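One letter stands for each residue in the lines below.
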Amino acid sequence: MPLVCLSDFEAYAKKHLPKATWDYFAAGADDSCTRDDNLRAFKRIRLRPRMLRDVSVIDTKTTILGTEISFPVGIAPSGLHRLAWPSGEKSTAKAAKAMDICYIASTYATCSMEETVAAAPAGFRWFQLYIHQKRSASVQLVRRAEALGFRALVLTVDVPYTGKRREDIRNNFQLPQHMSVKNLEGVFEDQDRSEYGLPANSMEPRLVWEDIRWLQSLTRLPIVLKGILTKEDAELAVRHGVQGIVVSNHGGRQLDGVPASIDALVEIKETVQDKVEVYLDGGVRTGTDVLKALALGAKCVFIGRPALWGLTYKGEEGLQELLQILKDEFRLSMALTGCRNISEIGPHLVQSSRL
């Protein structure tokens, strides 16, 4: 039976992955309220379609930080892709290149950034960065990413400590011995691999806004902050000279009880206006979800778990198939709301009373 929507890929992945791997991909923090609300929040939003608009030609192309992509969806940074498919992030990079979209490669990848670049040399990539207590490790990652042609750094700001993911604790989740966090191989003297392949509590909990200046001093690359949920932090991001914000609650994997990403988007977009580009991840499962996010101010959305489901299905081919479904759904939703290109998508498409 063909897979016709993203939830079909989810069902396939749940059926075929080992339980501990599925639980790791699916996990939310604590009661998983925020993880689940990411999806419910999109369903609460109602659209206001316009008719008789000549939608015989639909253009889904847009740009992010000046680079054109085929439609406003990218691959969010998630770790450990080899748990889903043997060639892991190399297959993810190839699928993103084939679809002409942006792939944000994770610090926690099971393929090195060099291997990822070699798999799809002409691909459009950003690099997601965590700052570890051993800051020299992060400095080296920045220099490698810039030398390899990554186009931006995406600094994740919502993980001073890892959220409590109950299923991972129950399963005593461990990265298999034949895999490693390749970008950080040999960096930590401690052989502890208990926290997703790295020593426990290796993140830098002392990170503050002044450290954005420090990061800017290391690189010429644009900096995007991932994990912003309030207008106060959005204002600080603008003040500290970043080029973009990803409105994100880490897929509901960090602090449970925060707003769904799509619900946080409105106040952040109203605050920053067009001073920086605003993106979103969390809860995107259909083409109409993409449309709703753009209508409320996102320049692009990024998908995390669905990319892993596509990999689980058929590797590069499976992820490409999933992305094509999402692109086709988005194109159809544009047509059915009367939008011929991205510039015609705006807040007028959304029923404000339902926000």
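Counting restarts for each chain: residues are numbered from 1 in the order of the written sequence. Reporting of local features is limited, given that this is a predicted model, to residues whose pLDDT is at least 70; pairs of side-chain atoms are given and counted only at 80 or more, and all residues count toward the totals for whole chains, interfaces and linings. Each side-chain value is derived from all of the structure's non-hydrogen atoms; neither hydrogens nor water enter the calculation.

A. Looking closely at the packing of helix α4 (residues 88–99) against helix α12 (residues 305–337). Relative to each other, α4 and α12 sit at 30 degrees, their axes nearing to 9 Å. By the angle between their axes, α4 is roughly parallel relative to α12. Here α4 runs over α12; the crossing is right-handed. Of α12, the residues touching α4 (which contributes Gly88, Ser91, Thr92, Lys94, Ala95, Ala98 and Met99) are Leu311, Gly315, Glu316, Leu319, Gln320, Leu323, Gln324 and Lys327. Its residues assigned to classes, the contact of α4 with α12 shows six nonpolar, six polar and three charged. Every axis in this analysis is a line fitted to C-alpha atoms, fitted for helices over the stretch in contact. Angles between the N-to-C directions lie between 0 and 180 degrees. Numbering goes from the N terminus for both helices and strands, where a helix is a DSSP run of H or I of at least four residues and a strand is a run of E of at least two. When describing relative orientation, an angle under 35 degrees is termed roughly parallel and one over 145 degrees roughly antiparallel, while 65 to 115 degrees is termed roughly perpendicular and anything else oblique. Each crossing gets its handedness from the near helix: less than a right angle anticlockwise from the far helix is left-handed, clockwise is right-handed. The contact criterion used is simple: two residues touch if any of their non-hydrogen atoms lie within 4.5 Å. When residues are grouped by polarity, Ala, Val, Leu, Ile, Met, Phe, Trp, Tyr, Cys and Pro land in nonpolar, Asp, Glu, Lys and Arg in charged, and all others, Gly among them, in polar.

B. Seen up close, the environment of glycine 79. Inspection of the secondary structure assignment puts glycine 79 in the loop between β3 (73–75) and α4. Linking glycine 79 and valine 55, residues 24 residues apart in sequence, is a C-alpha distance of 39 Å. Ignoring sequence-local partners within four residues, the contact set of glycine 79 consists of Tyr24, Phe25, Glu89, Ser106 and Tyr108.

C. Structural context of a negative patch on the surface. Among the surface-exposed residues, Glu232, Glu235, Glu267 and Glu270 lie close enough to one another that they form a single negatively charged patch. Listing elements by their share of the negative patch, those giving two or more residues are α9 (231–239) and α10 (261–272). Inspection of the secondary structure puts glutamate 235 in helix α9. A patch is a set of surface residues, each over 30% in relative accessible area and not in a salt bridge, joined within 9 Å for like charges and within 5 Å for the nonpolar side chains Val, Leu, Ile, Met, Phe, Trp and Tyr. In these tables, accessible area is a Shrake-Rupley quantity obtained with a 1.4 Å probe, and a residue counts as shielded only by the protein chains included in the view. Here a salt bridge means any side-chain nitrogen of Lys or Arg lying within 4 Å of a carboxyl oxygen belonging to Asp or Glu. Asp and Glu are treated as the negative residues and Lys and Arg as the positive ones, with His and the ends of the chain left uncounted. Where a charge lies is defined by one atom per residue type: Lys uses NZ, Arg uses CZ, Asp uses CG and Glu uses CD.

D. Examining the nonpolar core more closely. By convention a nonpolar core is built from buried Ala, Val, Leu, Ile, Met, Phe, Trp, Tyr and Cys residues, the set being connected through side-chain atoms within 4.5 Å. Burial classes: relative accessible area under 20% of the type maximum marks a residue as buried, over 50% as exposed, and values in between as partly exposed (1.4 Å probe, protein chains only). Ile75, Phe127, Ile262, Phe330 and Ile345 are the most contacted members of the largest nonpolar core, which has 102 residues in total. Here this core takes 13 residues from α12, the largest share from any one element. Setting aside chain neighbours within four positions, we find isoleucine 345 in contact with Leu291, Leu294, Ala295, Phe330, Met334 and Cys339. Of all hydrophobic cores here, the second largest spans 14 residues; its members include Phe124, Ala152, Val154 and Val246.

E. Structural detail: the pairing of strand β9 (residues 277–281). With four of its five residues buried, β9 lies for the most part within the structure. Direction of pairing for strand β8 (residues 244–247) relative to β9: parallel, over a ladder of four bridges. Bridged to isoleucine 245 within β9 is valine 278. Viewed with both strands pointing away, a crossover whose connecting path from the first strand over the helix to the second turns clockwise is right-handed. Tracing the backbone out of β8, into α10 and back to the parallel element β9 gives a crossover that is right-handed. The pairing criterion is simple: DSSP has to find at least two bridges between the two strands. Here β9 runs beside strand β10 (residues 300–303); their pairing, made up of three bridges, is parallel. Bridging across to β10, leucine 280 finds its partner in valine 301. The handedness of the β9 to β10 crossover, carried by helix α11 (residues 287–295), is right-handed.

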